[in-house]
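Observations on the three-dimensional arrangement
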Amino acid sequence: AAKADGRGVHRFYHENMLEGAQTRKALEDDLRHALERGELQVVYQPVVATGDARIVGYEALVRWQHPVRGPVSPADFIPIAEECGLIEPIGEWVLHTAIAAARQFANHARVAVNVSPIQFANPAFPAVVARALAAGNLAPERLELEITESVFLNESASTDAMFASLKRLGVRLALDDFGTGYSSLGYLRKAPFDKIKIDQSFVRGAAISGSRNAAIIQAIVTLAAALDMETTAEGVEVQDEIELIRGLGCSHIQGYVYGRPMDAEAAVALSRKGFAQPGGYRISRAPRI
Ligand code: C2E
Ligand code: MG
Ligand code: MG
Ligand code: MG
């Protein structure tokens, strides 16, 4: 058996790694054709105002329906797209698709689009955004670009120039997954963010009394308010968390409790209602005491 035999263990892992590499290569090959074959889709998750659950916008999230494997998570295929030069065409397609959807949203709901650090590093990116806005005839303030802390890893003069160009276009900027990356507060001083998105790992368990996560969320909210930035709590799943987030003063909420990502048609219909209803993804995750 593999456990008892050193060589067996080695062979077992080796074969697994090989299979992993083959899967990865196969996925890469398939991803090259996914766009043209219409296998990619964009879905939209509501972002609501904390006070009254008014829908202020939607985050656009890409999906890949693989013809054989079924749905592949963006957490799995975006890194592949980034490594093999496909993130720019895919990212541009998501931008155009999301802008076309936003044109149909009622009540001026915005759309937020995730931007890969690779797109952000290309000096031509602002022109790509400008072209997409013009093609979709969308007011720039209805587009929000979500950027992660990783764009500051190789910070240079061109990082500052990119922020300046994007701001000149009039689009909104959000700092995504805040607190999970190589957090440095230095960039909050310079970068013109309109919003900080607090990563769902801080929301998870924040409703448990004595949680350090609640203290961290509180500190981020205070910091954001002082810098005149909004805050969205990501990954809010249950009613207890809504109450907690409201108490901590976050301006916006995004999470399964108000809606899972949905297709454009459903998002347009929901935007006409204007408000989301809290569902309950699970009954409660609060501990029984
Ligand atoms: P993200 O930008 O932080 O997006 C939020 C993720 O949290 C989404 O996962 C969303 O479905 C999930 N989520 C929302 N509410 C809840 C909740 O209440 N509970 C839980 N457990 N999860 C929740 P998704 O759609 O799988 O996307 C994962 C990541 O893939 C995104 O994280 C983003 O980094 C990346 N991604 C997705 N679409 C794109 C895209 O078009 N371009 C790029 N560059 N990255 C994308
Ligand atoms: Mg995002
Ligand atoms: Mg996020
Ligand atoms: Mg994330």
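Structure shown above.
Summarised in this report is the structure supplied together with it. Predicted model, so just to flag it, every value in this text is computed and none were measured.

Some thoughts on the site of ligand 1
- Neighbouring ligand 1 are 21 residues, the closest being Arg-63, Asn-114, Asp-176, Glu-237 and Tyr-256.
- Note that an oxygen atom of ligand 1 is positioned 3.0 Å from one of the side-chain N or O atoms of Glu-59.
- Within the side chain of Asp-177, an N or O atom sits 3.0 Å from an oxygen atom of ligand 1.
- Within the complex, the protein chains bury 82% of what would otherwise be the 800 Å² of accessible surface of ligand 1.
- Mapping ligand 1 onto the cavity grids shows that it belongs to the largest pocket.
- Mapped onto the shell around ligand 1, the elements with two or more residues apiece are β2 (55-66), α2 (74-83) and β6 (172-178).
- Looking at the shell around ligand 1 element by element, the count peaks at four residues for β2.
- Grouping the amino acids of the shell around ligand 1 by side-chain chemistry returns eight nonpolar, six polar and seven charged.

Re the pattern of salt bridges
- By the definition in use, this model includes 15 salt bridges.
- Across the pair Arg-24 and Glu-83 runs a salt bridge, and its minimum N-O distance is 3.0 Å. Pair noted here: Arg-24 is in helix α1 (residues 6-34) and Glu-83 is in helix α2, with a separation of 59 residues, a long-range link.
- Notably, a salt bridge pairs Glu-144 with Lys-195, separated by 3.8 Å at the nearest N-O pair. With Glu-144 in strand β5 (residues 143-148) and Lys-195 in strand β7 (residues 195-198), this residue pair connects regions lying 51 residues apart in the sequence. Note on accessibility: Glu-144 and Lys-195 belong to one class, buried.

A look at the layout of surface pockets
- Its volume calculated, the largest pocket comes out at about 950 Å³.
- Sorting the residues of the lining of the largest pocket by element identifies β2, α2, α3 (87-104), α4 (117-120), β5 and β6 as the ones contributing at least two each.
- Residue composition of the lining of the largest pocket, grouped by class: 14 nonpolar, 12 polar and nine charged.
- Considering only enclosed or pocket space, the second largest pocket measures out at about 240 Å³ in volume.
- Lining the second largest pocket are 14 residues, and of these Phe-120, Ala-121, Asn-122, Ser-158 and Thr-159 sit closest to its centre.
- Only α4 and α6 (157-169) provide two or more residues apiece to the lining of the second largest pocket.
- In terms of residue count, the dominant contributor to the lining of the second largest pocket is α6 (five residues).

Scoring rules and cut-offs
- Residues numbered from 1 in each chain as written.
- Chains lettered and ligands numbered in written order.
- Predicted model: local features only at pLDDT ≥ 70, side-chain atom pairs only at ≥ 80, totals over all residues.
- Heavy atoms only, no water.
- Near = heavy atom within 4 Å.
- Polar contact = N/O pair within 3.5 Å; in protein donor to acceptor, adjacent residues only side chain to side chain.
- Areas by Shrake-Rupley, 256 points an atom, 1.4 Å probe, with all protein chains shown as cover.
- 1 Å grid on protein atoms, 1.4 Å probe; cavity = no way out; pocket = protein on both sides within 12 Å on 5 of 7 lines; lining within 4 Å.
- Sits in = over half its atoms within 2 Å of the grid points.
- Helix = DSSP H or I, 4+ residues; strand = E, 2+ residues; numbered from the N terminus.
- Nonpolar A, V, L, I, M, F, W, Y, C, P; charged D, E, K, R; others polar.
- Salt bridge = Lys/Arg side-chain N within 4 Å of Asp/Glu carboxyl O.
- Buried < 20%, exposed > 50% of the residue type's maximum accessible area, 1.4 Å probe, protein only.
- Points joined across faces, edges and corners; volume = space filled by probe spheres on them.

Functional significance is not addressed by these values, which are geometric in nature.
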